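As a plain string of letters, each chain reads:
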Amino acid sequence: MSRCWLDGELRAWLDRELPPPDMEAIGRHLTECRQCSALSAELSARAARVSALLGALDHVPAVLIAARSRAPRRIVAAALVLAAASLLLFAWIHKPKPIPVTPAILSPASVPPVALPSKPATMPKRRVARPNDMHYYLALDDEPIESGVVLRVTLPDSGQLADVIFDEQGRPRAVRPLN
Amino acid sequence: MDTVNTGVQPADEFVLDPPTRRDRSPAWLESDFREHYSRLVGMLARLVGDRAQAEEIAADAFCKLAGYRGLFVQPAERVAWLYRVATNAGLDAVRANSRRRRREQQAGAETMRTSYESGALEEMLAVERRSRVQAVLATLKSRDAQLLLLRSSGMAYRELAEALGIHPSSVGTMLARAEAEFEKKFRARYGDDL
């Protein structure tokens, strides 16, 4: 019987990393040496187990979607109501003012003298015509909205109707109160 | 008639000086980078589980290598040093990330419990197994962990010997010992659930 081989040589034999003469010699020896054959089987099984475990490192974890708890929902709802309220307040402040009724024409004597300004009067700022703000959505965050669905909801308390854009994850992204 | 300047030259102060010989990286560094960077990043990405972090660690190792330019005489010493430094940094990152990983695992478990997808359980088990392997690798000797990682990445014995700075005939012995040590520590930590 030929000489027994070391575990390192058997391990290399399992990986076919030995020169061809050694590969053949070990192959022949394993058929006649029960001890080396058992050692080789043990090394092979361990290598397979370790390789399988190290294969777990190749696993790419799936994107974890944060579990939705009740607390964040309440926060989102509160933010939604707050945004709607601020929109309503903004609309109320900027609503068109009624034309004042012209008072009775005063006589020139009753008109107090007006001091002229030292600087030349500047042209009043031209008021830029803006479209009705109600036609636009108010974004609830800074992220761009790529896709979503529009749901018409009734706000609690005020009963105000509003259109809300929800993204594919169910988050409200923009709101528009309806007149 | 107004003169129209169609081709404006930059002012002298904005003209960049051509790179001097001192600014250029040495040829051996570029050669090492081309040959080993992607392999290093692959090994580190499997170890730390984050490709961006792996690229950062690998780039840092190359920066250190550039700083120690006069330290190595033989290219083989340089390559072995590079892999050793990168693996040690990766193992440090795994140890530092253990707390974050536990947090992510908890979040993952919560997600899986609330998810209705069919593969949620398998996903959770795979994530747990991965973190166990990382934890055991972090307890091994650096060279053993390096050997197991590089071998499982598909490197041949000759390449392993170059990366570890050892003789090719020693790779089999070291690999068998590293596998035995890994399995022993895994069993001691997590039982016989291999």
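Everything here concerns the structure above.
Residues numbered from 1 in each chain as written. Chains lettered and ligands numbered in written order. Predicted model: local features only at pLDDT ≥ 70, side-chain atom pairs only at ≥ 80, totals over all residues. Heavy atoms only, no water.

Colleague: Outline the overall build of chain B, supporting the account with residue identities and numerical values.
Modeller: Helix and strand content of chain B: eight helices and zero strands. In chain B, the succession of α and β elements from N to C terminus is α-α-α-α-α-α-α-α. Pairs at least 24 residues apart make up 64% of the contacts formed inside chain B by residues separated by at least 6 positions. Roughly 11,700 Å² of accessible area belongs to chain B as shown, and the carbon and sulfur atoms make up 51% of that amount. (Helix = DSSP H or I, 4+ residues; strand = E, 2+ residues; numbered from the N terminus. Contact = heavy atoms within 4.5 Å. Areas by Shrake-Rupley, 256 points an atom, 1.4 Å probe, with all protein chains shown as cover.)

Colleague: Just give me the short version of the overall build of chain A, but keep the residues and values in it.
Modeller: When you go through chain A residue by residue, the secondary structure sums to four helices and four strands. In sequence order, chain A lays out its α and β elements as α-α-α-α-β-β-β-β. Put simply, chain A has 179 residues, and 23% of those count as buried. (Buried < 20%, exposed > 50% of the residue type's maximum accessible area, 1.4 Å probe, protein only.)

Colleague: Provide a residue-level description of the pairing of strand β4 (residues 172-177) of chain A, including the pertinent values.
Modeller: Looking along a regular strand, one sees side chains alternate from face to face of the sheet. Residues and elements named next belong to chain A. Most of β4 sits out of view: six of its six residues are buried. Judged from the two bridges that link them, strand β1 (residues 138-139) and β4 form a sheet pairing that is antiparallel. Counted as the bridge partner of Leu138 is Val175 from β4. Sheet topology note: the strand β3 (residues 161-166)/β4 ladder contains five bridges and is antiparallel. Within β4, the residue paired with Val164 across the bridge is Val175. (Pairing = 2+ DSSP bridges.)

Colleague: Explain the sheet that holds strand β2 (residues 149-154) of chain A residue by residue, including any values.
Modeller: Sheet architecture is open: four strands sit in the order β1-β4-β3-β2 (chain A), paired in antiparallel fashion. Bordering the open sheet on either side are β1 and β2 of chain A, each of which pairs with just one other strand.

Colleague: Would you mind going over the nonpolar core in detail, with residue names and values included?
Modeller: In this structure, Val133(B), Leu137(B), Leu148(B) and Phe182(B) are the most contacted members of the largest nonpolar core, which totals 64 residues. Among the elements that line this core, the one with the most residues is helix α3 (residues 75-96) of chain B, at nine residues. Here Leu137(B) is in contact with Leu54(A), Leu57(A), Leu47(B), Leu91(B), Ala145(B), Leu148(B), Leu149(B) and Phe182(B), once residues within four sequence places are set aside. In terms of nonpolar packing, the next biggest core, distinct from the first, is built from nine residues, Ala84(A), Leu155(A), Ala162(A) and Val164(A) among them. (Core = buried A, V, L, I, M, F, W, Y, C linked by side-chain atoms within 4.5 Å.)

Colleague: Go over unusual backbone geometry, please, and point to the residues and values.
Modeller: All names here are of chain A. Of note, Arg16 is a non-glycine position whose phi angle comes to about 55°, a positive value. Inspection of the secondary structure assignment puts Arg16 in the loop between α1 (7-14) and α2 (20-32). For Arg16, a relative accessible area of 68% corresponds to the exposed category.

Colleague: I'd like to hear about the side chain of Asp167(A), residue by residue, with values.
Modeller: All names here are of chain A. Mapping Asp167 onto the fold places it in the loop between β3 and β4. Of note is the side chain of Asp167, whose polar atom sits 3.1 Å from the backbone nitrogen of Gln169. Residues in contact with Asp167, not counting those within four places in the same chain, are Ser147, Gly148 and Arg173. (Polar contact = N/O pair within 3.5 Å; in protein donor to acceptor, adjacent residues only side chain to side chain.)

Colleague: Quick one: what's the story with the packing of α3(B) against helix α7 (residues 157-164) of chain B, residue by residue and with numbers?
Modeller: Residues and elements named next belong to chain B. Interaxial distance between α3 and α7 falls to 6 Å at its minimum, and their mutual angle equals 85°. Of the possible angle classes, the one that applies to α3 and α7 is roughly perpendicular. On the side of α3, the interface is formed by Ala76, Val79, Ala80 and Tyr83, while α7 contributes Glu162, Ala163 and Leu164. Considering only residue class, the contact of α3 with α7 consists of six nonpolar, no polar and one charged. (Axes fitted to C-alpha atoms, helices over the stretch in contact; angles between N-to-C directions. Parallel < 35°, antiparallel > 145°, perpendicular 65-115°, else oblique. Nonpolar A, V, L, I, M, F, W, Y, C, P; charged D, E, K, R; others polar.)

Colleague: Explain the packing of aromatic side chains to me, and be specific about the residues and the numbers.
Modeller: Under the definition given, this model contains five aromatic pairs over all chains. Geometrically, the ring pair formed by Phe33(B) and Phe62(B) is edge-to-face, given 5.0 Å between the ring centres and 65° between the ring planes. Pair noted here: Phe33(B) is in helix α1 (residues 27-48) and Phe62(B) is in helix α2 (residues 51-67), with a separation of 29 residues, a long-range link. Judged by its relative accessible area of 37%, Phe33(B) falls in the partly exposed class. When its relative accessible area of 5% is taken as the criterion, Phe62(B) is described as buried. The cationic tip of Arg3(A) hangs over the ring face of Trp5(A); the distance from NZ or CZ to the ring centre is 4.0 Å. (Phe/Tyr/Trp six-rings, centres within 6.5 Å; stacked < 30°, edge-to-face > 60°. Lys NZ or Arg CZ within 6 Å of the ring centre and 35° of its normal.)

Colleague: Residue-level account of the pairing of β3(A), with values.
Modeller: All names here are of chain A. Counting buried positions along β3 yields five of six residues, so the element is predominantly enclosed. In this sheet, β3 lies alongside β2 in antiparallel orientation, the contact comprising six bridges. Pairing of Val149 across the sheet is with Phe166, part of β3. Hairpin connection from β2 to β3: six residues lie between these consecutive antiparallel strands, with Asp157 at a positive phi of about 70°. What sits between β3 and β4 in their antiparallel hairpin is a turn of five residues, with Gly170 showing a positive phi close to 85°.

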